[in-house]
There are 2 protein chains.
Amino acid sequence: MKNIFKYPTQNTWEMLLKRPALEKKDLRNTVQDIFLKVKEDGDAALIEFAIKFDLARIDNLLVSKEEIEFAVAEVSPELKAAIDQAKENIFKFHVAQKEQSVEIETTKGVICWRESRAIEKVGLYIPGGTAPLFSTVLMLAIPAQIAGCKEVILCTPPQKDGSINPAILYTAQLCGITKIFKVGGAQAVAALTVGTESIPKVDKIFGPGNQYVTQAKQLAMEYNVAIDLPAGPSEVLVIADTNANPEFCAADLLSQAEHGTDSQVIYIATDEDVFNNTLMEINKQVAELPRNEIAKIALENSRFILMNSVEEALEMSNFYASEHLILAVENPRNYIGKITNAGSVFLGNYTPESAGDYASGTNHTLPTNGFAKNYSGVSLDSFVKKITIQEISKTGIQNIGKTIEIMAAAEGLKAHKNAVSLRLKSLENGI
Amino acid sequence: MKNIFKYPTQNTWEMLLKRPALEKKDLRNTVQDIFLKVKEDGDAALIEFAIKFDLARIDNLLVSKEEIEFAVAEVSPELKAAIDQAKENIFKFHVAQKEQSVEIETTKGVICWRESRAIEKVGLYIPGGTAPLFSTVLMLAIPAQIAGCKEVILCTPPQKDGSINPAILYTAQLCGITKIFKVGGAQAVAALTVGTESIPKVDKIFGPGNQYVTQAKQLAMEYNVAIDLPAGPSEVLVIADTNANPEFCAADLLSQAEHGTDSQVIYIATDEDVFNNTLMEINKQVAELPRNEIAKIALENSRFILMNSVEEALEMSNFYASEHLILAVENPRNYIGKITNAGSVFLGNYTPESAGDYASGTNHTLPTNGFAKNYSGVSLDSFVKKITIQEISKTGIQNIGKTIEIMAAAEGLKAHKNAVSLRLKSLENGI
């Protein structure tokens, strides 16, 4: 296998860890045209696009109650039970992210605090294609529900027969979503951005998608709609010491590699036997995967690195800022303090990335492409905004009034000063 | 005074509250050229731009220790004391935003939690121009310091004599910033985005600025650098009942109006006497302001509205989603639950917006332009990212393994399933 690096010195890391250059097609004009068409023709444009892009005839964009009931009956009890357990765990983890308001008296008589409010209208985009991502419905709909978003709209492309995958519908209704629309691609994002007869304009758009969807989300921001995260291909970085299980490491690396041909996988081992055995295991396991064509291409973009210590591996990991970081090492908790950049971290031999992808409770919408340096993954915070509130008493304004007056004057903002001076004067006059 | 509306019906609100259309010049090409020049010529480009745009000759972009010492001596003891008190309050409020990690056991043996990590390198932009915004230095540098950002870079344009306003330098050093650069405008944002010989490339850029800076921050995002907030003109909405003091209301409205000609001020009163007296007071106070030319233009964009009740006024306020909301009403706390969209809220007659602008402790970098619907203001959260961490025991994976297997299989992701199956099998085999 190529892409093997033994004990690389730090000055080579940048080149070694270069992410595969994204083929950035200029889709801006194409997507802009889609936006204009949706703005102009509304639902009619969406129905037209469904014929063109999804090869599907849609009479009614809104999924009907009957379709949902049918889907609920369609999903196997086994899958339902699995989705239910995942939902429960995701709910527990995200509901714990609710922030308690704490009043802070910064100066006697000056009380400040923050309160969270749900973003009122949110749009969730769930792609179609090879994998029906009902797990992403859980990851977005559950925190939206906990936040108390008034309107949660789900858009997902129809299959050729005009239907939606039953697992997606089952999961959506389980999470209280009733407004599900058969719209995919850039036109779905356009509809959520500008609104149509049936699809309401939203305040924030969430969810993964192809290059068109990504470009559309960027365009949505120019219409003052917020988005969850900038997009990029998925990644995992696995650090293994002598304690690691090569079979498990290989499986974890492959579970990332099967995502897409642009997925990247970085493996760092400190033990040469573990390293070699993992490489062997990868070759063995990849052969048996239904998506092995995809995985093999992804492995080409990947890196297999031998290093001297877990500490050094973590330095490299922080430099790379991986979406997922697996620490298949002894006493992994000892190293947590050293992690500065990562989307989500998995500790020890029995914590596969798949757990976080589906059912442990953490969110799988995470910063990719090095964005773990400057972005958090999706959480309850993504569905609320925090409002600061303050209440100042007469004593309070007397305690900080002078300070405000001096600062406002020094910035040349007389009216700012005046707003305080008039109050102080009225208090001096005993009004 | 024009722009007066009495008891407008809800169907007129949208038109009534339309924000003044921003003159969106297409600066993209201009700013893109600046980025390319900075990328190519580094510091030399910055020195050239300083001559061109700031009319200043700069030998050394980095502010020297001597310049800082000189500035510290220059600032009056009175202003120093004011800045110190403001700093203390802002520190108290923001340090209380530190999040305690709480481990959640979502299923027996499955433990998940979040930890915050500082964004390593942040750039703070402080504009020059008519007002030396040292208060903005406090608002950005204090949470950066609490978060523990390793590198905090401040850029601010030089005055014509090549110096920086002493209050800005004093405040920066007070907040532990040592890397202060004499660079302004789009070129400052470009330098923070691509890096030069003296200015490090950062992960996130904060701070206000003119149209060029705004465009540059948008462009920075295309280089994978994060930004604090989308930009827009400043706003206040004041709700007054019979309990309000017209003199104070007028002063608060004017303190917003003096910010810039594009500032917007909305006044809603439920009492006709208070309403009329406030209008009279505005006319009286505005005449005496040094920035009254600016304030008068801003007042043209403003709205003065009579409504039936505070509840109705709050509905309108939520619709508008103001950056600042002042509740000059009796028992203002009773209405907090009804506020859904606002950047920062000020309660009662002795809580002027100026308090939050300078010294009460809350942050003054807030969502404008209706972004209070979908964005929070700057807080400690803006300087950290939250990493999720999980640790699953052998029992844990046995408890949720089946669920993951079923879900992964249903999404057609065999390798995801495999990562769990191999572990479950090894446990069955008693390894």
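Residues numbered from 1 in each chain as written. Chains lettered and ligands numbered in written order. Predicted model: local features only at pLDDT ≥ 70, side-chain atom pairs only at ≥ 80, totals over all residues. Heavy atoms only, no water.

Asks: Describe the side chain of Thr-368 of chain B, listing the residues and the values that go with them.
Replies: If you trace the backbone, Thr-368 of chain B turns up in the loop between α14 (353-358) and β14 (384-392). Contact partners of Thr-368 of chain B, with chain neighbours within four places excluded, come to Pro-230, Ala-231, Gly-232, Pro-233, Ser-234, Glu-235 and Glu-323 of chain B. (Helix = DSSP H or I, 4+ residues; strand = E, 2+ residues; numbered from the N terminus. Contact = heavy atoms within 4.5 Å.)

Asks: Which residues make up the sheet that holds strand β5 (residues 151-156) of chain A, and what values go with them?
Replies: Residue and element names in this part refer to chain A. Taking strand neighbours across the sheet as the criterion, the five strands line up as β6-β5-β4-β7-β8 in an open arrangement whose pairing is parallel. Strand pairing shows two members of the sheet lacking a second neighbour, β6 (179-182) and β8 (226-227), which therefore form its edges. The sheet contact formed by strand β4 (residues 121-125) and β5 spans five bridges and is parallel. The residue of β5 that forms the bridge with Leu-124 is Leu-154. (Pairing = 2+ DSSP bridges.)

Asks: Requested: an account of the packing of helix α2 (residues 28-41) of chain A against helix α3 (residues 43-54) of chain A, with residues and values cited.
Replies: All names here are of chain A. For the pair α2 and α3, interaxial distance at closest approach is 6 Å and the crossing angle is 135 degrees. With respect to α3, the element α2 is oriented oblique. Here α2 contributes Ile-34, Lys-37, Val-38 and Asp-41 to the contact with α3, which in turn contributes Asp-43, Ala-44, Ala-45, Leu-46, Glu-48, Phe-49 and Phe-53. Each residue belonging to the contact of α2 with α3 can be placed in one class, and the counts come to seven nonpolar, no polar and four charged. (Axes fitted to C-alpha atoms, helices over the stretch in contact; angles between N-to-C directions. Parallel < 35°, antiparallel > 145°, perpendicular 65-115°, else oblique. Nonpolar A, V, L, I, M, F, W, Y, C, P; charged D, E, K, R; others polar.)

Asks: Which residues make up unusual backbone geometry, and what are the values?
Replies: Phi angles above zero are rare outside glycine, and Asn-331 of chain A is one such case at about 45 degrees. As for its position among the elements, Asn-331 of chain A is in the loop between β12 (322-328) and β13 (342-347). At Asn-369 of chain B, a position not held by glycine, the phi torsion is positive, near 60 degrees. A residue is classified by how much of its surface remains accessible, and Asn-369 of chain B, at 17% relative accessible area, is buried. (Buried < 20%, exposed > 50% of the residue type's maximum accessible area, 1.4 Å probe, protein only.)

Asks: With reference to specific residues and values, describe the packing of helix α11 (residues 272-287) of chain B against helix α12 (residues 292-300) of chain B.
Replies: Residue and element names in this part refer to chain B. Running from N to C, α11 and α12 cross one another at 150 degrees; their axes reach a closest spacing of 9 Å. Put simply, α11 runs roughly antiparallel to α12. Of the residues in α12, those touching α11 at Ile-282, Val-286 and Ala-287 are Asn-292, Ala-295, Lys-296 and Leu-299. Looking at the contact of α11 with α12, its residues break down into five nonpolar, one polar and one charged.

Asks: Report on the relation of the copies chain B and chain A, specifying residues and quantitative values.
Replies: Mapping chain B onto chain A is achieved by rotating through 180 degrees and translating by 0.0 Å along the same axis, at an RMSD of 0.0 Å. The two molecules are tied by a two-fold rotation axis, judged by turn and shift. Residues of chain B ranked by C-alpha distance from the rotation axis are headed by Glu-99 of chain B, positioned 4.5 Å from it. Interface overlap between copies is the fraction of interface residues in one copy that are interface residues in the other; for chain B against chain A it reaches 100%, indicating a shared surface. (Least-squares fit on C-alpha atoms with pLDDT ≥ 70 in both.)

Asks: If you had to explain empty space enclosed by the protein to someone new, which residues and values would you point to?
Replies: Tallied over the full model, the rule gives five cavities of 30 Å³ or more. Around the largest cavity sit 13 residues that line it, and Lys-386 and Thr-388 of chain A together with Gly-377, Val-378 and Ser-379 of chain B are the ones nearest its centre. Those elements that place two or more of their residues in the lining of the largest cavity are β14 (384-392) of chain A together with α5 (77-95) of chain B. By volume, the second largest cavity is sized at about 60 Å³. (1 Å grid on protein atoms, 1.4 Å probe; cavity = no way out; pocket = protein on both sides within 12 Å on 5 of 7 lines; lining within 4 Å. Points joined across faces, edges and corners; volume = space filled by probe spheres on them.)

Asks: Outline the packing of aromatic side chains, listing residues and values.
Replies: A ring pair, where both rings are aromatic, is described by two values, the distance of the centres and the angle of the planes. This model, assessed by the stated rule, comprises 14 aromatic pairs over all chains. With 6.1 Å between their ring centres and 10 degrees between their planes, Tyr-267 of chain B and Phe-275 of chain B make a pair best called stacked. Between Phe-371 of chain B and Tyr-375 of chain B, the ring centres sit 5.4 Å apart and the planes meet at 85 degrees, which makes this aromatic pair edge-to-face. Pair check on accessibility: Phe-371 of chain B and Tyr-375 of chain B agree, each one buried. Between the NZ or CZ atom of Arg-19 of chain A and the centre of the ring of Tyr-320 of chain A, over which it lies, the distance is 3.9 Å. (Phe/Tyr/Trp six-rings, centres within 6.5 Å; stacked < 30°, edge-to-face > 60°. Lys NZ or Arg CZ within 6 Å of the ring centre and 35° of its normal.)

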